[in-house]
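Single-letter residue listing:
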Amino acid sequence: MGDANDVFQIRVPSKSIGEPIKAVRTVFRLVHQGVGCALHSHDQQLPKWGWEQLEVTCNPNVQHLNNLWNVEQLFDSRLENESFKVYGLSFLEQFLEFHSVMIRGNRGLRPKEGEFTLMPWQWPLNYRVRPTIFWA
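Everything in this summary refers to the structure shown in the same document. (Residues numbered from 1 in each chain as written. Predicted model: local features only at pLDDT ≥ 70, side-chain atom pairs only at ≥ 80, totals over all residues. Heavy atoms only, no water.)

Let us now look at a nonpolar patch on the surface. A contiguous nonpolar surface patch, about 450 Å² in accessible area, is contributed by F91, L92, F95 and L96. Along the chain, F91 turns up in helix α1 (residues 91–107). (Patch = residues over 30% accessible without salt bridge, like charges linked within 9 Å, V, L, I, M, F, W, Y side chains within 5 Å. Areas by Shrake-Rupley, 256 points an atom, 1.4 Å probe, with all protein chains shown as cover. Salt bridge = Lys/Arg side-chain N within 4 Å of Asp/Glu carboxyl O. Helix = DSSP H or I, 4+ residues; strand = E, 2+ residues; numbered from the N terminus.)

Right, let's talk about the state of the cysteines for a bit. Counted under the stated rule, the structure contains one disulfide. Disulfide pairing places C37 opposite C58 at an S-S distance of 1.7 Å. Taking the torsion about the S-S bond as the criterion, the C37 to C58 disulfide, at about 95°, is right-handed. Separated by 21 residues along the polypeptide, C37 in the loop between β2 (29–32) and β3 (38–45) and C58 in strand β4 (residues 54–59) bring together distant segments of the chain. Overall, the relative accessible area of 8% leaves C37 in the buried class. (Disulfide = S-S within 2.5 Å. Buried < 20%, exposed > 50% of the residue type's maximum accessible area, 1.4 Å probe, protein only.)

Here the focus is the environment of L65. Following the sequence through the fold, L65 ends up in the loop between β4 and α1. Residues L65 and H40, 25 residues apart in the sequence, show an inter-C-alpha distance of 8.8 Å.

Take a look at the structure:
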C-alpha cells in the first residue's frame, strides 16, 4: 500500500467535526502528516510536454488558497448501490452546484498559442471579427 510518506490529514476549514462532506461544494486541505505542508496546485499550466496539466507540490504555507481541493466523483465498490433519488438536491441546491462547477472549470481556461480571442467589450461591437452571415 504505502509508507509513512503517503499519510495526509484532511482539514476542512468551513465544517465542524462530524458534519458531512458534500461533493463539489465542500473544500478541504490535504496536509502531509510528517512534513506539515499542504498539497498545492499552481495557477499556470505545464507546457505541451506536460499535457498542459497543473503542477502539484507541497506548500509549507498551509493557508494558501491554491491548497484547497474538492471531490467531484467517488467510485467505491464497497459502497451500497443506492438510488440517487435518496440524495436528491432541491432546485436551488442544484442551481448553486452547477454554477460552482462551471465557475471553477472556467477559471482555469486560457487561450492556446495563436488562438483568436476577444475582450468582453468587443463582443457586442463585433470588433476584429468576420461578419456573421445567417441563411434563412
